[in-house]
Amino acid sequence: MNTGLLLLRVVAGLLVAGHGVQKVSFRLGGSGLAGGTAEFRGDGFRGGKLTALTAGGTQIGAGLMLALGLLTPLAGAGVMGVMTVALTVKWPHGLWVQHDGYEYPLVLIVIGAVLAATGPGRWSLDAALGLAHWPWWWLPATVVAGVGGGLATRLALHRT
């Protein structure tokens, strides 16, 4: 089980962090901060550079925390939040990513929730710090904070 949690955390966390790097830089095939800003504006969001920096920073921070197994419920909430925003953008296209759908953000939202539910496993910074076993109520709190935060962000920043 610990090997599976480690693999899930590292792969999902680094992919989320890499996606954030793309939003704010030219690394990993990104279009720089100007490109990230244009992407958000093209998707109907206000806020310009601040929106791109906040989204990219959250993806980088939450992704790295998830990969390391550090404060896993908080990392899961961050991943769920930014991916909920992405899901709302992709929603009109349907489920499948082949048609620019929300399949991938949904998978990452579920991974964030699963890791909040199971904990990060033995090979994590949470375990090293004695935080590997979070109380049961962290899962609903994480889902509400993550998904609710993503929906609130969408409502606050999306132009109608």
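Refer to the structure presented above.
The structure contained in this document is the topic of the report that follows. (Residues numbered from 1 in each chain as written. Predicted model: local features only at pLDDT ≥ 70, side-chain atom pairs only at ≥ 80, totals over all residues. Heavy atoms only, no water.)

## Regarding the packing of helix α5 (residues 103-118) against helix α7 (residues 138-157)
Their axes nearest at 9 Å, the elements α5 and α7 cross at an angle of 155 degrees. As far as their axial angle goes, α7 and α5 are roughly antiparallel. You can see that α5 and α7 cross each other, and the crossing is right-handed. Counting all contacts with α5, which are made through I109, A113, A116 and A117, the residues of α7 involved are L139, T142, V143 and V147. Considering only residue class, the contact of α5 with α7 consists of 7 nonpolar, 1 polar and no charged. (Axes fitted to C-alpha atoms, helices over the stretch in contact; angles between N-to-C directions. Helix = DSSP H or I, 4+ residues; strand = E, 2+ residues; numbered from the N terminus. Parallel < 35°, antiparallel > 145°, perpendicular 65-115°, else oblique. Left-handed = near helix turned anticlockwise from the far one by under 90°. Contact = heavy atoms within 4.5 Å. Nonpolar A, V, L, I, M, F, W, Y, C, P; charged D, E, K, R; others polar.)

## A few points about the packing of helix α4 (residues 72-90) against α5
Taken N-terminus to C-terminus, the directions of α4 and α5 make an angle of 160 degrees; their axes are 8 Å apart at the nearest point. The angle between the axes of α4 and α5 places the two elements in the roughly antiparallel class. Helix-helix and strand crossings are classified by hand; for α4 and α5 the assignment is left-handed. Here T72, P73, G76, V79, M80, M83, T84, A86, L87 and K90 of α4 come into contact with α5, specifically with P105, L106, L108, I109, G112, A113, L115 and A116. For the contact of α4 with α5, the per-class residue count stands at 13 nonpolar, 4 polar and 1 charged.

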